[in-house]
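# What the coordinates show
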Amino acid sequence: MKYTQGQYIITDKHAIAREIYSFTIACPEVAAAACPGQFVHIRAKGYTLRRPISICGIDKEKGTLRIVFEIRGEGTAEIAKLNKGDLIDMLAPLGHGFTVDSAFNKAVLIGGGIGTPPMLPLAKAYGEKAVVISGFRNASAVILQEDFRSTGAETILCTDDGSAGIHGFVTQPFTELAEKGGIDAVYACGPMPMLKGIAAICKEKGIYCEISLEERMACGIGACLGCACRTVRNDEEYFAHVCKDGPVFKAEEVLW
Amino acid sequence: MADLSVKVCGTDFKNPIIPASGVFGYGREYEELFPLDKLGGIATKGTTLHLRTGNLAPRIAETPSGMLNSVGLQNPGIDHFIETELPYLLTKDLVVLANIAGSTPDECAEVAAKLEDTDVHMIELNISCPNVKQGGAAFGTSCEMAAEVTKRVRAVTKKPLVVKLSPNVTSIADIAKSVEAAGADAVSLINTLLGMRIDINTGRPVLRNNVGGMSGPAVFPIAVRMVWQVANAVNIPVIGMGGVSSGRDAIELMMAGASAVQVGAAIFTDPYAPVRIVEEMNDWLDSRGIKSVKEIIGTVKPW
């Protein structure tokens, strides 16, 4: 794992939904090292703890990263105040990302709410071999659908209230896909109940599944042991750390 | 370039800055960012006799100008430390303080005894962890218990013994005097202050352990006061810590009486904090024409 800390220029910023922002950041050495599923740890001016934000885009040629984040509290509100041309302080790229296997012929990528951004680099990697299912509260919270379509992936949209796409949770279309079979891998990021539901379906069908978790975090690099997550490895219970061992875990390893 | 070297219990530090136990693991994660040789020393993650899994998550909460943690002494156990982590750290040019803890005085002594045959430079005995049910802070909040556990560890080690004190007491100076009398070679302070946050939307404490240790810039004035009180009460060196985030803070803590300074939560905000603090101390000393950092220890002129 190779990571650095530095100040990088924000080359593009726009709001893509209510309180959800997209930043493009010029950081060639970070982009060169970054993999799908990893995150960046951003300093919020005036706050002790950095904020972990998943990577939504990696452009190694241009040397840029894209992040998409939601204002969840004071820290993310502070980060959202940064503008194009400002410097952003990042410790990155961090964590253990998704496994991308070119031998997989069909991958299902499932994102719930602000859990959808980390699915975009995966969709790019799998292109037409990917089916992306994304779920949101309602039509006004929908993000990144055009980005997903441009990767060549098939997209399925769900909303909790039916104001866009399928009326219901992502588990509904996923169950139908799983019934049809032929899925080599499932990748998911979103609220815990969603992840738990997907992991259960994959376990039942014997489908390989990786999930991305979040936890309150301090150092971001595995030193402070703050972001503990109960997992099983080699038949033994083990407190893994979301920042270093994750954020991506094999679903079968997680103790819910 | 000022002389930043200090001597604590006969051990030479090339500079007074030491990452505090718990924030820095065993150093490997930060070595990705800077060579450990830039540090005066390292206080390793609190290590117990056997592996400890620690507390359930969430273990971290933010507070105004600070944070709470309730990690609960998660560590791989002293044997792993001695076999895997210590030999590597000893190849680096810095002082290694092995931070140890236990549920009973016996356990603390057993851990210290295992370190006696190693080349570790100093032992930092943690009698002040607020996040474990047995031992931990319970040892650090009464003069009798603090003295008892110090005595037991003293009996099994000839290494410089630093006892890390809890601020969650009525008189930290009295605790410091007790451990001095029981054979401590130095004291380090302050460990975290017991705190709590509640999520008002759920009515649940933010930390799964309900309460946790508070650190960060918000506690710095308390650290200055306690270091000053303890330095005036004992004749052994004081290693200061608590909310230090700049070279000026480190200088202030040394003026209050600290011979060396540990840096904790500041590393989460700025992972280069310990290295930056060394540079800032040097700049401040140079700007004042002070040749050695030793000249400022305990020089506060109280009213």
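Reading the values: the criteria
Residues numbered from 1 in each chain as written. Chains lettered and ligands numbered in written order. Predicted model: local features only at pLDDT ≥ 70, side-chain atom pairs only at ≥ 80, totals over all residues. Helix = DSSP H or I, 4+ residues; strand = E, 2+ residues; numbered from the N terminus. Rg over C-alpha atoms; globule rule 2.2 N^0.38 Å. Buried ≥ 20, exposed ≤ 12 C-beta atoms within 10 Å, placed from the backbone. Contact = placed C-beta atoms within 7 Å. pLDDT = per-residue confidence, 0-100. Core = buried A, V, L, I, M, F, W, Y, C linked by C-beta atoms within 7 Å. Nonpolar A, V, L, I, M, F, W, Y, C, P; charged D, E, K, R; others polar. Right-handed = clockwise from strand over helix to strand, strands pointing away. Pairing = 2+ DSSP bridges. Axes fitted to C-alpha atoms, helices over the stretch in contact; angles between N-to-C directions.

## Describing the overall build of chain B
Within chain B one finds 10 helices and 16 strands. For chain B, the C-alpha radius of gyration of 18 Å lies close to 19 Å, the compact-globule estimate for 303 residues. Principal-axis analysis of the C-alpha atoms places the extent of chain B at approximately 50 × 50 × 45 Å. Across the 303 residues that make up chain B, the buried fraction comes to 60%. Contacts in chain B between residues far apart in sequence, at least 24 positions, make up 72% of those at least 6 positions apart.

## Some details on the overall build of chain A
A count of helices and strands for chain A gives 6 helices and 15 strands. Across its three principal directions, the C-alpha atoms of chain A cover 50 × 45 × 35 Å. Each of the 256 residues in chain A was classed as buried or not, and the buried ones make up 54%. Across chain A, contacts joining residues at least 24 apart in sequence account for 62% of those joining residues at least 6 apart.

## Details of the confidence of the model for chain B
For chain B, the average pLDDT comes to 95, and 97% of its residues sit at 70 or higher. Interface confidence for the predicted complex, given as ipTM, is 0.92, next to a pTM of 0.94.

## Focus on the nonpolar core
In terms of nonpolar packing, the biggest core is built from 190 residues, with A:Val186, B:Val187 and B:Val227 touching the most fellow members. When residues of this core are assigned to their parent elements, the largest contribution, 8 residues, is made by helix H7 (residues 220-233) of chain B. Not counting residues up to four positions away in its chain, the partners in contact with B:Val187 are B:Val162, B:Val163, B:Leu165, B:Ala176, B:Val179, B:Val230, B:Val234, B:Ile236 and B:Val238.

## A few points about the interface of chain A and chain B
Opposite the 24 residues of chain A that make contact, chain B presents 28 residues. Tallied by class, residues from the side of chain A that touches chain B come to 15 nonpolar, 4 polar and 5 charged.

## Points about the pairing of strand E12 (residues 208-212) of chain A
Residues and elements named next belong to chain A. Taking burial as the measure, the 5 residues of E12 include 4 buried ones, the bulk of the element. Handedness of the β-α-β unit built from strand E11 (residues 185-189), helix H6 (residues 192-205) and E12 comes out right-handed. Looking at chain direction, E12 and strand E15 (residues 248-250) are connected through 3 bridges and run antiparallel. The residue bridging glutamate 210 from the neighbouring strand is lysine 250, located in E15.

## Details of the environment of A:Ile79
Residues and elements named next belong to chain A. Relative to the helices and strands, isoleucine 79 is located in helix H2 (residues 74-80). Take isoleucine 79: there are 22 C-beta atoms within 10 Å of it, and that puts it in the buried class. Expressed as a C-alpha distance, the spacing of isoleucine 79 and lysine 45, which sit 34 residues apart in the sequence, is 7.6 Å. Other than its neighbours up to four places away in sequence, isoleucine 79 contacts Ile42, Ala44 and Arg51.

## Structural notes on the sheet that holds strand E5 (residues 64-70) of chain A
Residues and elements named next belong to chain A. Ordered in space as E1-E2-E5-E4-E3-E6, the 6 strands form a closed barrel in which the pairing is antiparallel. With strand direction ignored, the average angle separating the axes of adjacent strands in the sheet is 45°. Where strand E4 (residues 51-59) and E5 come together, 4 bridges link them in antiparallel fashion. By the bridge assignment, isoleucine 58 is partnered in E5 with leucine 65.

## Topic: the pairing of strand E7 (residues 95-100) of chain B
All names here are of chain B. With 6 of 6 residues buried, E7 lies mostly within the body of the structure. In E7, alternate side chains face the same way, and those of Val95, Leu97 and Asn99 on one face and Val96, Ala98 and Ile100 on the other are all buried. Inspection of the sheet shows strand E4 (residues 41-43) paired to E7 by 3 bridges, in the parallel sense. Counted as the bridge partner of glycine 41 is valine 95 from E7.

## Structural notes on the sheet that holds strand E16 (residues 258-263) of chain B
Residue and element names in this part refer to chain B. Across the sheet, 8 strands lie side by side as E3-E16-E15-E10-E9-E8-E7-E4; this open sheet has parallel pairing. The open sheet is flanked by strand E3 (17-19) and E4, the only strands paired with a single partner. Here the strands of the sheet are splayed against their neighbours by 25° on average, with no regard to which way each runs. The pairing of E3 with E16 spans 3 bridges and is parallel. Its bridge partner being in E16, proline 19 is matched across the sheet by valine 263. Lying over the sheet, H7 contacts strand E10 (186-189), strand E15 (238-240) and E16, oriented at roughly 175° with respect to E15.

## Observations regarding unusual backbone geometry
In this chain, B:Ala57 is followed by B:Pro58 through a cis amide linkage whose omega measures 0°. Looking at the secondary structure, you find B:Pro58 in the loop between E4 and strand E5 (60-63). Put simply, B:Leu189 and B:Ile190 share a cis peptide bond, and its omega is 10°. By secondary structure assignment, the location of B:Ile190 is in the loop between E10 and strand E11 (193-195). One non-glycine residue, A:Asn234, adopts positive backbone phi at about 50°. Among the structural elements, A:Asn234 can be located in the loop between strand E13 (228-233) and strand E14 (236-241). Residue classification places A:Asn234 among the exposed positions, given that 5 C-beta atoms sit within 10 Å.

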